[in-house]
Amino acid sequence: MKKLSVVLAMVLTVTAMAGCGGKSTESTNTDTSADTETSEGGDENEAASGEMRDVVVMVKNSTAPFWISTMDGAKQAGEDFGVNVIFKTPVDTAEGSGNEQQSQLCEEAIVSGADAVVIAPVDSEAIVPATKKINDAGIPVINLNTRISDAEQYVTFVGLENVNQGYDTAKVVLEKMEGEGTIFIIEGSTGAQTSIDRVTGFEKALAEYPNIEVVAQQSANYSRADAMNVVQNLLQSYPDVDAIICCNDEMAMGTAEAVDAAGKTGEILISGQDANDDAVGAVKEGKLFATSFGNPYMQGYTAVQAAVDVLDGKEVEDFYEVKTKVVTLENVDTFKDE
Amino acid sequence: MSLKTKNRIDLISRFLILLVVILVLALLQPNAFLNASNLSQVIFQQAPFTILMAFGMSLAIISNGIDISMASNMVLSSYFSAPYFQNGQYLLGILVSLGVGVGFGLCNGILISKVKIEPFIATFSIDFVALGLAYVACDGVYIYGFPDTFRSLTNGSLIPGIPNIALFTILVFALLFFVTKCTIYGRALYTVGHNRTAAGFSGIRTDNIILSVYVINGLLASLTGILYLSRLNAADPTIKGTLTIDSIAAALIGGIAFGGGKGSVLNTVIGALVIMFIRNGMNIMGVSTNWQQAVVGFVILFSIFYERGLSILMAKFAEKKK
């Protein structure tokens, strides 16, 4: 009976994992026998085109709208440039285990004979041993979205500058405050590079406004529910805060609900990052003051394009920058077209 | 010393932990912490979710099991029912939410009681299934913005001064307290948790009791999910957060023994409040969120030693009396 239970648990877990893969149909079934271009069939696509090159795209999770959009972009680029885009994503979205799973997926990518690996590391330090293995196997690494701490590890970096994104967004908020007042900073999960970079950007902007004081700086784990509690609690000590700057939109939306519950909607400027649909809607309603469009679709697209450039032996720049844009009430309907 | 007095002493001692936590925070932050608006916010607005989930966890632990899947079940049931609530089809929304919640509860119950899979493994797997499905259904689109009528479920007050969310929690508490303490079913639940074989021999249909626990948990997950939708004004899979861990912690700190058959839902409430006050107090003091995690861990450890110490003390006391 015990054996049966273990098998059942494994089956269920695998089902759940497959479920999480969502859009990527080939997420785990990469052909292990294919060492280079010529695959021995199995996959119809590969067999038909003969030498479709495999580009493994590893993002941080397949659940956040941001990454889903990134994968859409990568998929489109795969079709446009005629490469096989294979998604590998960690199931666990927590920082620690996310890195461990990404490291395993890197090994999988080597075994499955990928031609290039695009990776957005969950943890930019801890991923290094895994990317080293990929490099040792002679597979080029294209770094997406979050910089790997060791620049030796990747051929080129595709993404936005999170520091600049944070700076731009904070600047708009601080300008609106006319250089006076108090703010909260709501950070993402501790240790997350995006959070660290965005906060660095916030601080850079704050340095230009010496009369604005950060009265509280706390993490809400990139989560809506956590942010709502944290901000409710903080409002107890600082009910007169003028602005709350958050490291992503989910937390900004939780913050907006906490502010709403306190009856202060419109009195406190709230900003997020990423320009998720619900956040953009909230900007229209006046619940959020600003968010920032990171163009995840273009990030995914450009990353695969960069991978193809590398594989074609073209000379590549060391940074493919994807521009971000601060979204406020003024450009809320047009920011995607500009 | 009778079991009843023992339980009573244990409960009072848990209450003391809560008082100490409140006292320490009040001393550290006399202005921001110790005022009616902050206390009522924690007790009436933030704690109910942890309390409701911890009720389920406690029932499972009392029956000598555990339910890892509740938080994911809550996410999934809220996700599927969200579109109906958004369109004002409340009855349909409730039915869908209950269908999902109770359905998964039933799965847990059958896996554990009939197929005899370890509760941890069964609910652990169901946890993955439910959360995975929620992510598939969500596909990166958060459902946002609910009608005011629906939102008044949490932020309205039928009784002035007590938000409806707290009212729900009090009602659920009263019901569970009555069922576990004053009915034959409740007695059977404790007996099964204490010693399943003996309970079977004394004519209790142990399978059905265990099955029922997980169905009740499904119900609680579905209810919590609906209330969460109303509070956050959004359906978002990340709301699972630390609820599973928090509810286990609440049960442990409250004094629900992992061996089963011990503790009541009142213990759970105390445990949940301890955690919520620690989180609230540390937010107010501006302590990093990571410290909260560590401190909650220390409190769990402390409460385990506390329990050990307490039972040794009581045993000595009983010996002396002889």
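Report follows, based on the coordinates.

Calculation notes
- Residues numbered from 1 in each chain as written.
- Chains lettered and ligands numbered in written order.
- Predicted model: local features only at pLDDT ≥ 70, side-chain atom pairs only at ≥ 80, totals over all residues.
- Heavy atoms only, no water.
- Helix = DSSP H or I, 4+ residues; strand = E, 2+ residues; numbered from the N terminus.
- Buried < 20%, exposed > 50% of the residue type's maximum accessible area, 1.4 Å probe, protein only.
- Contact = heavy atoms within 4.5 Å.
- Pairing = 2+ DSSP bridges.
- Axes fitted to C-alpha atoms, helices over the stretch in contact; angles between N-to-C directions.
- Buried area = accessible area lost by both parts, 1.4 Å probe.
- Salt bridge = Lys/Arg side-chain N within 4 Å of Asp/Glu carboxyl O.
- Nonpolar A, V, L, I, M, F, W, Y, C, P; charged D, E, K, R; others polar.
- Phe/Tyr/Trp six-rings, centres within 6.5 Å; stacked < 30°, edge-to-face > 60°.
- 1 Å grid on protein atoms, 1.4 Å probe; cavity = no way out; pocket = protein on both sides within 12 Å on 5 of 7 lines; lining within 4 Å.
- Points joined across faces, edges and corners; volume = space filled by probe spheres on them.
- Right-handed = clockwise from strand over helix to strand, strands pointing away.
- Expected span 1.5 Å × (residues − 1).
- Polar contact = N/O pair within 3.5 Å; in protein donor to acceptor, adjacent residues only side chain to side chain.

**Focus on the side chain of Asn-99 of chain A**
All names here are of chain A.
Consideration 1: Within the element layout of this structure, Asn-99 appears in helix α4 (residues 95–111).
Consideration 2: Given the relative accessible area of 10%, Asn-99 is considered buried.
Consideration 3: Once you skip the residues sitting within four places of it in the chain, Asn-99 turns out to touch Val-122, Asp-123, Ala-126 and Ile-127.

**Quick notes on the sheet that holds strand β4 (residues 141–144) of chain A**
One key point about sheets: their strands pair by backbone hydrogen bonds, in either a parallel or an antiparallel sense.
All names here are of chain A.
Consideration 1: The 6 strands are arranged β2-β1-β3-β4-β5-β11 in an open sheet whose pairing can be described as parallel. Both outer strands of the open sheet, β2 (83–87) and β11 (319–321), are each paired with one neighbouring strand and no more. Each adjacent strand pair in this sheet contributes to an overall mean axis angle of 20 degrees, direction not counted.
Consideration 2: Note that β4 and strand β5 (residues 156–159) share 3 bridges and pair parallel. In the strand pairing of β5, Leu-144 is matched with Val-158.

**Some details on the interface of chain B and chain A**
Consideration 1: On the side of chain A, 38 residues touch chain B, which itself brings 41 residues to the contact.
Consideration 2: Summed over both sides, the interface between chain B and chain A buries roughly 3,500 Å², with carbon and sulfur atoms accounting for 55% of that surface.
Consideration 3: Broken down residue by residue, the surface that chain B buries against chain A is led by Tyr-142, Tyr-144 and Asn-283 of chain B, which jointly contribute 19%.
Consideration 4: Inspection of the region where chain B meets chain A yields 3 salt bridges.
Consideration 5: For Arg-151 of chain B, the salt bridge is made with Asp-260 of chain A, and the minimal N-O distance between the two is 3.9 Å.
Consideration 6: Listed by contribution, the elements that provide at least two residues to the side of chain B that touches chain A are α2 (36–62), α5 (119–138), α10 (206–232), α12 (265–285) and α13 (289–321) of chain B.
Consideration 7: With 7 residues, the single largest contributor to the side of chain B that touches chain A is α5 of chain B.
Consideration 8: Across the side of chain B that touches chain A, the residue classes tally to 18 nonpolar, 18 polar and 5 charged.

**Side note on the packing of aromatic side chains**
Residues and elements named next belong to chain B.
Consideration 1: In the structure shown here, the tally under the stated rule is 17 aromatic pairs over all chains.
Consideration 2: Seen in terms of ring centroids, Phe-146 and Phe-150 are 5.3 Å apart; in terms of plane orientation they differ by 40 degrees. Their pairing is tilted. The same class applies to Phe-146 and to Phe-150, which are both buried.
Consideration 3: For the pair Phe-302 and Tyr-306, a centre-to-centre distance of 5.5 Å together with 40 degrees between the ring planes defines the contact as tilted. Highlighted residues: Phe-302 and Tyr-306, both in helix α13, separated by 4 residues, approximately one helical turn.

**Details of the layout of surface pockets**
Residues and elements named next belong to chain B.
Consideration 1: Space inside the second largest pocket adds up to approximately 730 Å³.
Consideration 2: What lines the second largest pocket is a set of 20 residues, and nearest its centre among them are Leu-3, Lys-4, Asn-7, Lys-181 and Tyr-190.
Consideration 3: Put simply, the parts of the chain that give the lining of the second largest pocket at least two residues each are α1 (3–28), α7 (164–182), α8 (184–194) and α12.
Consideration 4: For the lining of the second largest pocket, the residue count by class is 5 nonpolar, 9 polar and 6 charged.

**What to know about the sheet that holds strand β8 (residues 243–246) of chain A**
Residues and elements named next belong to chain A.
Consideration 1: On the basis of which strands lie adjacent, the open sheet formed by 4 strands has the order β7-β6-β8-β9 and parallel pairing. With partners counted over all chains shown, the strands left at the sheet margins are β7 (212–219) and β9 (269–271), one partner each. Recorded for the sheet is a direction-independent mean angle of 15 degrees between the axes of neighbouring strands.
Consideration 2: Docked against the sheet, helix α7 (residues 193–207) engages β6 (181–187), β7 and β8, running at close to 165 degrees with respect to β6.

**Remarks on the pairing of β6 of chain A**
All names here are of chain A.
Consideration 1: The element β6 is extensively covered by neighbouring structure, given that 6 of its 7 residues are classed as buried.
Consideration 2: Here 7 bridges tie β6 to β7, and the two strands are oriented parallel to one another. Directly across from Ile-183, in β7, lies its bridge partner Val-214.
Consideration 3: Handedness of the crossover joining β6 and β7 through α7: right-handed.
Consideration 4: In this sheet, β8 lies alongside β6 in parallel orientation, the contact comprising 4 bridges. Along β8, the bridge assignment pairs Ile-185 with Ile-245.

**With respect to helix α6 (residues 162–176) of chain A**
Residues and elements named next belong to chain A.
Consideration 1: Between its first and last C-alpha, α6 extends 21 Å over 15 residues, near the 21 Å set by a 1.5 Å rise per residue.
Consideration 2: Residues of α6 that are buried include every one of Asn-162, Val-163, Gln-165, Gly-166, Tyr-167, Thr-169, Ala-170, Val-173 and Leu-174, and no others.
Consideration 3: Each element contacted by the buried residues of α6 is listed here: α7, β7, β8, β9, β10 (291–293) and β12 (325–327).
Consideration 4: Taken from the residues just after α6, Glu-178 is the one with a positive phi, measuring 60 degrees.

**Some thoughts on the side chain of Thr-194 of chain A**
Residue and element names in this part refer to chain A.
Consideration 1: Mapped onto the elements of the fold, Thr-194 is located in helix α7.
Consideration 2: Within the structure, Thr-194 has its side chain in polar contact with the side chain of Tyr-222 (distance 2.7 Å).
Consideration 3: Apart from residues lying up to four places away in sequence, Thr-194 is in contact with Lys-60, Asn-145, Thr-146, Asn-162 and Tyr-222.

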